[in-house]
Amino acid sequence: MDKRLLDILCCPVSKTPVRPLGRAELDALNGAIAAGGVATTAGTPVRGRLDEGLITIDHKLIYRVDDGIPVMLPEEGIGTTQLNDFPHAP
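Notes on the structure in this doc start here. Worth saying up front: this structure is predicted, and the values here are computed from it rather than measured. (Residues numbered from 1 in each chain as written. Predicted model: local features only at pLDDT ≥ 70, side-chain atom pairs only at ≥ 80, totals over all residues. Heavy atoms only, no water.)

**A closer look at the nonpolar core**
Here comes step 1: Counting residues in each nonpolar core, the largest one holds 12 residues, listed as Leu21, Leu26, Leu29, Ile33, Val38, Val46, Leu50, Ile55, Ile62, Ile78, Leu83 and Phe86.
Here comes step 2: Beyond its immediate chain neighbours, meaning those up to four positions away, Ile62 contacts Leu21, Leu29, Leu50, Leu54, Ile55, Glu76, Gly77, Ile78, Thr80, Leu83 and Phe86.
Here comes step 3: Listed in part, the nine residues of the second largest apolar core include Val18, Leu61, Tyr63 and Met72. (Core = buried A, V, L, I, M, F, W, Y, C linked by side-chain atoms within 4.5 Å. Buried < 20%, exposed > 50% of the residue type's maximum accessible area, 1.4 Å probe, protein only. Contact = heavy atoms within 4.5 Å.)

**Examining the pairing of strand β3 (residues 61-66)**
Here comes step 1: Relative to β3, strand β2 (residues 53-56) runs antiparallel, the two sharing three bridges. The residue bridging Ile55 from the neighbouring strand is Ile62, located in β3.
Here comes step 2: Connecting the antiparallel pair β2 and β3 is a turn made up of four residues, with His59 showing a positive phi of about 65°.
Here comes step 3: In this sheet, strand β5 (residues 78-79) lies alongside β3 in antiparallel orientation, the contact comprising two bridges. Opposite Ile62, over in β5, you have Ile78 as the bridge partner. (Pairing = 2+ DSSP bridges. Helix = DSSP H or I, 4+ residues; strand = E, 2+ residues; numbered from the N terminus.)

**Let's talk about the pattern of salt bridges**
Here comes step 1: Taken as a whole and judged by the stated rule, the model has five salt bridges.
Here comes step 2: Arg23 serves as the salt-bridge partner of Asp27, at 3.4 Å between the closest nitrogen and oxygen. Separated by four residues within a single helix, Asp27 and Arg23 lie in helix α2 (residues 23-34), roughly one turn from each other.
Here comes step 3: Linking Arg49 and Asp51 is a salt bridge whose minimum nitrogen-to-oxygen distance equals 3.0 Å. (Salt bridge = Lys/Arg side-chain N within 4 Å of Asp/Glu carboxyl O.)

So, in structure tokens, the structure goes:
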């Protein structure tokens, strides 16, 4: 993802800056998605794995990135509190 774009992106709700998901975070998220236990903030089940994602620096919300385009819609966020043993990369 373009560094300039990443520098200006933030959570649309909390205005918290975001950073790319680390490999361990992405693997943990995709494992939880495969197990069927992940929903968006709107309550919609997340069915497809993520190849890329952004996480708020406070580690509360994840936003998917589709084909290099961040999907920063409030209802599309994925709360990390629903993910057991979710790692937090530095």
